[in-house]
Every structure is written in structure tokens, then in C-alpha cells.
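Observations on the three-dimensional arrangement
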Amino acid sequence: MFRFKPCSVFRTVANRAASGFLFTSLTSRRRVHSLPFATIDAEEISGSHPAEVHNLVQGGWKTSTEWNTIVDPLNGEAFIKVAEVPEAQLKPFVESLSKCPKHGLHNPLLAPERYLLYGDISTKAAHLLGQPEVSNFFAKLIQRVSPKSYKQAQGEVFVTQKFLENFCGDQVRFLARSFAVPGNHLGQQSNGYRWPYGPVAIITPFNFPLEIPLLQLMGALYMGNKPVLKVDSKVCIVMEQMIRLLHECGLPKEDMDFINTDGMTMNKFLLEAKPHMTLFTGSSRVAEKLAGDLRGRVKLEDAGFDWKILGPDVQEIDYVAWVCDQDAYACSGQKCSAQSLLFMHENWASTSLVPQIKELAERRKLEDLTIGPVLTVTTDRMVEHIGKLLEIPGSKLLFGGQPLENHSIPKIYGALKPTALFIPIDEILKDKNFELVTTELFGPFQVITQYKHDQLALVLEACERMHAHLTAAVVSNDPIFLQEVLGRSVNGTTYAGIRARTTGAPQNHWFGPAGDPRGAGIGTPEAIKLVWSCHREIIYDIGPVPHHWKIPPST
């Protein structure tokens, strides 16, 4: 039976995916130890050399009386110890957040030099993250805790580094650009400002351990807020090391806190600390609970059951098949933007598209982590879900559906071969089936269906009935078809054209849901301003009062 050792898997992935980019193991180890911020070596973390993750509060790194043990998702070995804050030790975090005033640590009229400070921090952090040894360090660390191919992990680091480049120099202060409107008389003028919330909280998931928390953290800091950051404990070591890098680049240690704790304790912290805004990225169930508990003071980027529609114009079959495979199965399907439901026009059904997707999916293997552990759904749960779907009349298994073989992935995680099921579109739309079919299975799984030329209305009805509107793709170069579908759908990040995808969002466009006033974006200036600032209007009215003015009659 094939058994994984952390270092051997890691080196196999790195050597195969980036042989021209990485150093030898010995040289890499020397470089990692020479990194001024790093307290660990990603390759050496193991049961015999466990890493530790600490908390940051009131400007200092702290441990805890309680430790949570994280197991290696590839072999079940306990390899990371996280200092988790129990309820009895929340007080320093509550006090730290309460020290931040409502007007924030800076705003357009207070300490504007801090906009320049964060431009400088971004410049230094972008430069450091662009260094091969630093980029490689974070890519390897991501692989250790959220196993994905080296190229996928490196892509996450690349997007993060480019985001930081986008906010170098003066770009942070441009986020707070204001406007003025002439008043009714001399000396009157209304001014619109982007104003921080002050004390805020950020809660992020496991699947992008660097990109999501770092982009939201920096957005909060840019706008003048003081955030407390909580990352899923399974992957929090990545952001702990990134925060240490930011400190090396000049981030004041008192500007943010970093807390590791369980979900119930974090919920109690939020209720006690009362942050003025909380950004949550994760499951819809938790998002709705937070929205109620925090009385709506939230921004949400929750789950997305993401769809792709293939239009009537068949072309570039090889390319479309490759994109479908990437969208559904890269990172083992553990992307909130992963392709969950593929609507295929009948013209595509007679092509080699589905066989090609099957062939591409079956070349994925655990050895290079192009398929790997599913960290939130067990194998039994995924197999059970597939079994229920196969009970729907006309449904059939196209490929996959079986557990991975010859591995040491612990049973608390999932291990499933890339899987696709076909379900007839008229069956999908039946009330008794729709909720089941559109249940997001956060793993390497998708549903494929087919529609006839006169059934586009059924496709659009299915899209309308879905409750999460994150990403989507309309694969067509037919402008009339695109116009019809785009005009009758709502997903916040929608790709259109023959090269359309659902995943792989870079730093240069908005990523987030639409159709919900609580929706949060990430990446762009518009996203940062929407999530991390509110509008404040100041009307200056300095006179002069007219020379012969007299008190008028009461009105």
C-alpha cells in the first residue's frame, strides 16, 4: 500500500511541478531558516518536529493554556499545535478591540500619514513575497495544510503578491478619495468621505489559507480599521507566518490581533467585543447565524453552488474540456467558485466533451496532489450523497464515484476520485429533487445536465431558484445568447465567452456574490471600499452670514 511521508510528498510535488524554480532540499532548508520572519520550515514539520501557532494581541505574541492538535491531512500524523484561546482568556482580545475608537486608527481627517505607511508596508511585503525563496516557502506551507498541487499553491501566492503590488505607494490613500459638491450659498459645501468602521473582525476558511485572509486583512487596515483575524485552525499557521512577514515590513503590532479559537468561543467573543463590522467567508449556515447574532453588522462571502452554461456554438472542445476539469476538480473541488452544475446545450452532447473531461479527471493523482484530501466532507458523506442522487430517475454516474485507493488520508477527511453525475434537467427542476441536486458538496464532484434549444428557459429557471450567487460562466461567443443569459442572471463574478471559467479569480477583478445586500467582495479598490468603509457626509457651512441678515419669522 502506498504510504505518504510529509517531506517525501512535499518534495515530490515541488520537484515535479516546479523543478526549474525550486532549490535543492538542502539549499531550500538553508534559505527558509535565513528568512527573517519565519519561525518554521514547511518541509520539516512532522510529528517529531511539530510546529506551534501563537496568538497576537495588544502588540505581543502569546501562547495559551489550551492547545489544539492539527493532523497532517496526508497521513494523520499530529504535526501542528495551535494555542487556542478558551472563553476564560478572551478578555485581552476584547480589551484590545475596545481600544479602537469608532472613527478608526486613521481616516481622511485623522492621521492621514498612515495611508502612506500602509503604502510602504505593501511595497515591502510585495517585494519580499516576490522573492523566490519566500514565495516557495509559502507555497510549500499551503501544501502542507491544504493539500493542492504546487502550481495551485504557487498561484495563490502569486495573486497575493500582485494584490500587494496594486496598493504600493499612493494607492492606499487613493482608496479614501473624497468628493465635494457646491452648496446653496457662499461658504457651504458638502463633502463625501470613505470612513472606517473602527473595530472589526475577519473570519476566513481553510481553502485559501493565504489569499483570502491576507486580502481582507489588508483591505481592513488600509481603510483605517483595527481588525481581529480568525483563520480556520487547520490552516492558521500560514497567516501566522504572513503576519510575521508584515511585521518585518513595518506593520505596527498593535494595529491588529490574531486569535485562534473554536467556533463557539469565537461567537461569544464577537457578542462580547461587538465589532462594528464582521467579514465572514465560509458556509451559508454559519453566515446566516452570524447575521442574526450580530444584528446584520456583517459582510458575507458565503458558499456558492456555481453553474456553467455551454451555449449552442460548439468550438474549441479541447480547451473547454480542460477548463471544465480545472473548474470542477482543481484543489479537489474545494473552491467556493468550483463548477458544481454544468448545463450542456444539446449541440455539445454529440461531441467528445464529456469523454475528454473524464479523461482529464482520471489523470489526476494523489502523488502530485492534483487530487487530494477533502477537509470538510468525509468520504462516507460524499458517497452517501452520490447514492441519493443516483436514485433520481434518469440519473447515471459518468465517472468516479469511488473512494481514492492506496493512501493514508485520515478518515476525518474525505478521499474521493473526481466524480460527475448526469441528471436530466426536468428531474433537477422537480421540487423534491432541486434542493438535493443543488446541495454543495465541497469536494471533487459535479452534476452535468443537458438542455435542448428550446429549453433555455428551464436553465434560467434553475439559476433563478438557486440561493447563492457567487460565480458563473456562460461559454459562448454568440452575442445574442450571452445577452439573454447575462441579462437574466445575477452571479456576482460571471465569466462570459468561449474561454469562460468559474474559478481562478486574479487580483485584478472583483470576486464576490451579488443579489444580497450583505455581499462582500475581495481584491479590487471597489471591493475594499464597499466592505471596509462606509460613507460619511460632512457639510461645511462657514459663511459669511449676509451683512443685513435679521432673524426671520418662525416657520
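Structure shown above.
As the structure is a prediction and not an experimental result, all values here were calculated from the model. (Residues numbered from 1 in each chain as written. Predicted model: local features only at pLDDT ≥ 70, side-chain atom pairs only at ≥ 80, totals over all residues. Heavy atoms only, no water.)

**Topic: the sheet that holds strand β7 (residues 188–195)**
This is how the line gets drawn: Two strands qualify as a pair provided DSSP detects at least 2 bridges between them. The helix count covers DSSP runs of H or I at least four residues long, the strand count covers runs of E at least two residues long, and both are numbered beginning at the N terminus. The convention used is that axes are lines fitted to C-alpha atoms, helices contributing only their stretch in contact, and that angles between N-to-C directions extend from 0 to 180 degrees.
Spatially, 3 strands are ordered β6-β7-β20 in an open sheet, and the strand pairing comes out antiparallel. Whereas interior strands pair on both sides, the edge strands pair on one side only; in this sheet they are β6 (179–182) and β20 (534–541). For this sheet, the mean angle separating the axes of adjacent strands, direction not counted, is 20 degrees. Here β7 pairs with β20 via 8 bridges, running antiparallel. Bridge pairing links Q189 to Y540 in β20.

**Looking at the pattern of salt bridges**
Quick note on the threshold: Whenever Lys or Arg places a side-chain nitrogen within 4 Å of a carboxyl oxygen from Asp or Glu, that contact is recorded as a salt bridge. Buried, partly exposed and exposed residues are distinguished by accessible area as a fraction of the type maximum, computed with a 1.4 Å probe on protein chains only: under 20%, between the cut-offs, and over 50%, respectively.
Summed over all chains, the structure comprises 24 salt bridges. Across the salt bridge formed by K289 and D293, the nearest N and O atoms sit 2.5 Å from each other. Taken as a pair, K289 and D293 lie in helix α11 (residues 284–293) at a separation of 4 residues, close to a single helical turn. A salt bridge links R465 to D431; the nearest nitrogen and oxygen atoms lie 3.2 Å apart. Taken together, the residues span a long stretch of sequence, with R465 in helix α18 (residues 456–465) and D431 in helix α17 (residues 431–437) at a distance of 34 residues. Under the relative-accessibility criterion, D431 is labelled exposed at 68%. Salt bridges sharing partners connect three or more residues here, namely E288, D516 and R518.

**Observations regarding the side chain of Q446**
Rule in force here: Residues adjacent in sequence count toward polar contacts only when both atoms are side-chain atoms; beyond that, a polar contact is any pair of N or O atoms within 3.5 Å, and within protein one must be able to donate a hydrogen and the other to accept it. Note on contacts: a residue pair is in contact if any heavy atoms of the two residues lie within 4.5 Å.
With respect to the element layout, Q446 can be found in strand β17 (residues 445–451). Residue Q446 is classed as buried on the basis of its relative accessible area of 0%. A polar side-chain atom of Q446 sits 2.7 Å from a polar atom in the side chain of Q339. For Q446, the contacting residues outside a window of four places in its chain are A328, Y329, Q339, S340, L342, I357, T419, A420 and L421.

**So, helix α14 (residues 353–362)**
The criterion, for reference: Picture the helix axis, draw a direction to every C-beta atom, and the arc is the one those directions span.
Buried residues of α14: L353, V354, Q356, I357, L360 and A361, and no others. The buried residues of α14 all sit within an arc of 160 degrees when viewed along its axis, so they share a single face. The exposed set on the far side of α14, more than 90 degrees from its buried face, consists of P355, E359 and E362. Of the surrounding secondary structure, the elements contacted by the buried residues of α14 are β13 (306–310), α12 (317–329), β14 (339–345), α13 (346–349), β15 (396–399) and β17.

**A word on the packing of aromatic side chains**
Under the convention used in this document: By convention, a stacked pair of Phe, Tyr or Trp rings (six-membered ring in the case of Trp) has centres within 6.5 Å and planes under 30 degrees apart, an edge-to-face pair has planes over 60 apart, and any other such pair is tilted. Cation placement over rings: the criterion is NZ of Lys or CZ of Arg within 6 Å of the ring centroid and within 35° of the ring normal.
Tallied over the full model, the rule gives 12 aromatic pairs. Relative to Y222, the ring of F167 has its centre 5.3 Å away and its plane inclined at 40 degrees; by these criteria the two rings are tilted. Taken together, the residues F167 in the loop between α6 (150–166) and α7 (171–174) and Y222 in helix α8 (residues 211–222) connect sequence positions 55 residues apart. Look at Y222 and you get buried, because its relative accessible area is 0%. When the ring of Y319 is compared with that of W322, the centres are 5.8 Å apart and the planes differ by 50 degrees; the resulting orientation is tilted. Here Y319 pairs with W322, and both are found in helix α12, just 3 residues apart, close to one helical turn. What makes Y319 partly exposed here is its relative accessible area of 27%. The structure contains a cluster of three or more aromatic residues connected by ring pairs, namely Y118, F163, F167 and Y222. Directly above the aromatic system of W67 lies the positively charged group of K81, at a separation of 5.5 Å from the ring centroid. Geometry around F208 places K148 over its ring, the cationic atom sitting 4.5 Å from the centre.

Bear in mind that shape data such as this cannot, by itself, settle questions of function.
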